[in-house]
Amino acid sequence: MRYPQGGGLTAERQAFRERVRMEAVGMFADGRGSTEIAKELRVSVRSVQRWRQAWRGAGPDAIRSRGPASRPKLNDVLFAVLEEELAKGPVAHGWPDQRWTLARIKTLIGRRFHKSMTLSGISQMLRRHGWSHQVPARRALERDEAAVAGWVKDVWPHVEAPRRRSGPGSSSRTKPDSR
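Residues numbered from 1 in each chain as written. Predicted model: local features only at pLDDT ≥ 70, side-chain atom pairs only at ≥ 80, totals over all residues. Heavy atoms only, no water.

**Q** Provide a residue-level description of the packing of helix H5 (residues 102-113) against helix H6 (residues 119-128), including the pertinent values.
**A** Where H5 contacts H6, the axes come no closer than 9 Å and their chain directions differ by 90°. Classified by the interaxial angle, the pair formed by H5 and H6 is roughly perpendicular. For the pair formed by H5 and H6, the contact residues are Leu 102, Ala 103, Ile 105, Lys 106 and Ile 109 on the first element and Leu 119, Ile 122, Ser 123, Met 125 and Leu 126 on the second. A class-by-class count of the residues in the contact of H5 with H6 yields eight nonpolar, one polar and one charged. (Axes fitted to C-alpha atoms, helices over the stretch in contact; angles between N-to-C directions. Helix = DSSP H or I, 4+ residues; strand = E, 2+ residues; numbered from the N terminus. Parallel < 35°, antiparallel > 145°, perpendicular 65-115°, else oblique. Contact = heavy atoms within 4.5 Å. Nonpolar A, V, L, I, M, F, W, Y, C, P; charged D, E, K, R; others polar.)

Spelled out as structure tokens, the structure:
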């Protein structure tokens, strides 16, 4: 199953979804219909039908969460070590500038933990642990903020073309409007 955030569900979301499924089990026992349950729980009718089929086959335990599909490559202890390494900065690990890229983090994980991960897997792992990508502001070192602000205030209004006034006109590019 894919999620728009690109990763798995948080523990809270997993618990919420399990509660919804368990509510459905109670409604199955009451003899309520799939459409009614789907509307009340705000899920698809097909999901309710699948849950009902599993419930009939093996009882309420059949629709309980079985946890994540796979264990993470880096457990919480190893991720804490990775965070310490990331805090040291890229220069401490031999790169010439202070930018962490996914490729560099992949290399660091390979060197430090002898594990191989895909770039998207690294991105998802970082997001699950609360990291977000940062885009540095690219500013020249010589930039003078006061001069820029003055230019925008004084010069730009004279350089900028005046706005066209609204009025009758033609939508045709080849035939101008008749007056």
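**Q** Tell me about a nonpolar patch on the surface, and please be specific about residues and values.
**A** Taken together, the side chains of Val 148, Trp 151, Val 152, Val 155, Trp 156 and Val 159 define a hydrophobic patch exposed on the protein surface, amounting to about 520 Å² of accessible area. Elements represented by at least two residues in the nonpolar patch include exactly helix H7 (145-154) and helix H8 (156-159). Among the elements that line the nonpolar patch, the one with the most residues is H7, at three residues. With respect to the helices and strands, the residue Val 152 is situated in helix H7. Given the relative accessible area of 45%, Val 152 is considered partly exposed. (Patch = residues over 30% accessible without salt bridge, like charges linked within 9 Å, V, L, I, M, F, W, Y side chains within 5 Å. Areas by Shrake-Rupley, 256 points an atom, 1.4 Å probe, with all protein chains shown as cover. Salt bridge = Lys/Arg side-chain N within 4 Å of Asp/Glu carboxyl O. Buried < 20%, exposed > 50% of the residue type's maximum accessible area, 1.4 Å probe, protein only.)

**Q** Give me the packing of helix H1 (residues 11-29) against helix H3 (residues 45-58): which residues, what numbers.
**A** At their nearest, the axes of H1 and H3 sit 10 Å apart, and the two run at 70° to each other. Classified by the interaxial angle, the pair formed by H1 and H3 is roughly perpendicular. Crossing of H1 over H3 shows right-handed handedness. Together, Val 20, Arg 21, Ala 24, Val 25, Phe 28 and Ala 29 of H1 and Val 48, Trp 51, Arg 52 and Trp 55 of H3 make up the contact between the two elements. Considering only residue class, the contact of H1 with H3 consists of eight nonpolar, no polar and two charged. (Left-handed = near helix turned anticlockwise from the far one by under 90°.)

**Q** Kindly report on the confidence of the model for the protein chain, identifying the contributing residues and their values.
**A** In this model, the protein chain carries a mean pLDDT of 82, and residues with pLDDT of at least 70 account for 87%. Taking the mean pLDDT of every element in the protein chain, the minimum, 84, falls on H8 and the maximum, 93, on H5. Note on residues 1-6: pLDDT under 50 across the span, and seven contacts to partners over four residues away in sequence or across chains. (pLDDT = per-residue confidence, 0-100.)

**Q** Could you give an account of the nonpolar core, naming the residues involved and the relevant values?
**A** Counting twelve residues, the largest nonpolar core consists of Leu 74, Phe 79, Leu 82, Leu 86, Ile 105, Leu 108, Ile 109, Phe 113, Met 117, Ile 122, Met 125 and Leu 126. The set of elements that each furnish at least two residues to this core consists of helix H4 (76-88), H5 and H6. For this core, the element with the most residues is H5, which contributes four residues. Apart from the residues lying within four places of it in its own chain, the contact partners of Phe 79 are Leu 74, Met 125, Leu 126, His 129 and Trp 131. Of all hydrophobic cores here, the second largest spans eleven residues; its members include Ala 24, Val 25, Met 27 and Leu 41. (Core = buried A, V, L, I, M, F, W, Y, C linked by side-chain atoms within 4.5 Å.)

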